[in-house]
Amino acid sequence: MEAGNRDGIVVSLHEISKHYGSRKALDGVGFDIRDGEVFGLLGPNGAGKTTLLECLTGLRRPTAGSVRVLGHDPGSRAPELRRLMAVQPQEAALFPQLSVRETVDLWASVYGDHERVDEVLDRVGLAAQASQRVKALSGGQARRLLLAVTVIGRPRLLVLDEPAAGLDPQAKEHLWDVIRKQREAGGTVLLTTHDMNEATELCDRVAVLVGGRIAACDTPARLVSALASTSTVTFTTPAGTDLGSLDALPGVTAVEVKQEAEGRRSVQLRTTDADLTLRRIAADERLVASDLDISRGGLDTVFRSLATESAGSQEAARTKKEVTE
Ligand SMILES: Nc1ncnc2c1ncn2[C@@H]1O[C@H](COP(=O)(O)OP(=O)(O)OP(=O)(O)O)[C@@H](O)[C@H]1O
């Protein structure tokens, strides 16, 4: 095992705050990332995700708190850390005149131990473009190349800021494959994403950052079972049907008519017991219900409620402060 992660902790953040003048971008953030985890950082625009990644990769110094990455202070720019942690570079780091293979060869030459160049090109979906010049690549292809140069040195920790942004579905598959291979090889991944499906599919744990604070941190499944308690049930019924009985069904918290057309009415219910609600609707002959459907709460439901709740409580705290001042 590598020095610095004997306790199985690759990243350790404790009470991190970062202020830009009077703006608090991060406010007492703390969590650990374990060896071999794919860890997702989620949060609405402006939540502080990039700032946190910058503190973690040594690009910024936090105003307060401590960061350890593989046993090092990232601000120290330890050469050991540069070898162990790979951060996806910006497009400006690429030389337009080089070919795709020459680019990856060049990055590989920096590392003593590295993956086979052709194997990595294949993994990111650029095998067919290996001889093409960088300047002739499309935006999505250039992002694949950036991913290739990030993983070529077999990093212990891979840090990716919104890696899926701007990728087509096939390129996303390649990205997910790269991330899964990193985990299979025993590596750790930290990524930010706005895609809840991606977070659910890929991440072992996620932290939801809202207004510079951690609103929740757990596995996607545990967050969903703890926080996304309601599901949506929809069905259609003949227009004019009496819907009065629906409110009284066990678990139902809201009933809404979504649409009425051609003698049919589309009804949507929020419920904490989707299976029971569905059975009762199907069994109620007066409803003549058809097109019954359930949409269970997922990580997107959790995300929306955490973002709204935290934004609401921060607004309330600000108002209270203004009132008392
Ligand atoms: N260099 C800076 N100077 C001043 N304020 C900044 C600076 N960088 C970020 N901020 C502010 O800090 C807050 C957090 O920004 P950050 O870019 O970390 O958010 P983010 O979660 O990455 O957002 P996004 O999802 O939009 O990329 C925002 O309010 C932003 O305006």
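Description of the structure in this document.

What counts and how
Sequence order as written defines the numbering, with residues in each chain counted from 1. At least 70 in pLDDT is required for a residue's local features to be given in this predicted model, at least 80 for side-chain atom pairs to be given and counted, and no such filter applies to totals for whole chains, interfaces and linings, which use all residues. Note: two strands are recorded as paired if DSSP finds a minimum of 2 bridges between them. Think of it this way: any DSSP run of H or I at least four residues long counts as a helix, any run of E at least two long counts as a strand, and we number them from the N terminus. Lines fitted to C-alpha atoms define the axes, with helix axes restricted to the stretch in contact, and inter-axis angles between N-to-C directions lie between 0 and 180 degrees. Once C-beta atoms are placed from the backbone, any two residues with those atoms within 7 Å are in contact. Burial is judged by counting other C-beta atoms within 10 Å of a residue's own C-beta: 20 or more means buried, 12 or fewer means exposed, and anything between counts as partly exposed, with every C-beta placed from the backbone. This arc corresponds to the set of directions leading from the helix axis out to the C-beta atoms. We call a residue near a molecule or strand when its C-beta atom, built from the backbone, sits within 6 Å of it. Under the scheme applied here, ten amino acids are nonpolar (Ala, Val, Leu, Ile, Met, Phe, Trp, Tyr, Cys and Pro), four are charged (Asp, Glu, Lys and Arg), and all others, including Gly, are polar.

1. A few points about the sheet that holds strand β7 (residues 188-192)
Here comes step 1: In spatial order, the strands read β5-β6-β7-β3-β8-β9; together these 6 strands make up an open sheet with mixed pairing. Only two strands of the sheet have a single partner each, and these edge strands are β5 (85-87) and β9 (213-218). If you compare each strand with its neighbour and ignore which way they point, the axes differ by 15° on average.
Here comes step 2: Of the strand pairs in this sheet, β5 and strand β6 (residues 157-161) are connected by 3 bridges, and their pairing is parallel. In the strand pairing of β6, Met85 is matched with Leu157.
Here comes step 3: Set on the sheet, helix α1 (residues 49-56) makes contact with β3 (38-42), β6, β7 and β8 (205-210); between it and β6 the angle comes to about 150°.

2. Re the pairing of β9
Across a regular strand the side chains alternate sides, sitting on one face of the sheet and then on the other.
Here comes step 1: Across 5 bridges, the pairing between β8 and β9 is antiparallel. Bridge assignment links Val206 to a residue of β9, and that residue is Asp218.
Here comes step 2: Two successive antiparallel strands, β8 and β9, enclose a turn made up of 2 residues, where Gly211 displays a positive phi of approximately 55°.

3. Some thoughts on helix α4 (residues 117-124)
Here comes step 1: Buried within α4 are the following residues: Val120, Leu121 and Val124. Here the buried residues of α4 occupy an arc of 100° about the axis, which is enough to place them on one side. Exposed residues lying more than 90 degrees from the buried face of α4 are Asp118 and Glu119.
Here comes step 2: Of the surrounding elements, those touching the buried residues of α4 are α3 (100-110), α5 (139-151) and α6 (169-184).
Here comes step 3: Note on α4: the residue one or two positions beyond its end, Gly125, has a positive phi of about 80°.

4. A closer look at the environment of Leu175
Here comes step 1: Here Leu175 lies in helix α6.
Here comes step 2: Each C-alpha atom, one on Leu175 and one on Val124, is 6.5 Å from the other, the two residues being 51 residues apart in sequence.

5. Quick notes on the site of the ligand
Here comes step 1: Inspection of the region around the ligand gives Tyr20, Arg23, Ala25, Gly43, Asn45, Gly46, Ala47, Gly48, Lys49, Thr50 and Thr51 as its neighbouring residues.
Here comes step 2: Those elements that place two or more of their residues in the shell around the ligand are β2 (23-34) and α1.
Here comes step 3: Considering each element in turn, the shell around the ligand owes the most residues, 3 residues, to α1.
Here comes step 4: When its residues are assigned to classes, the shell around the ligand shows 3 nonpolar, 6 polar and 2 charged.

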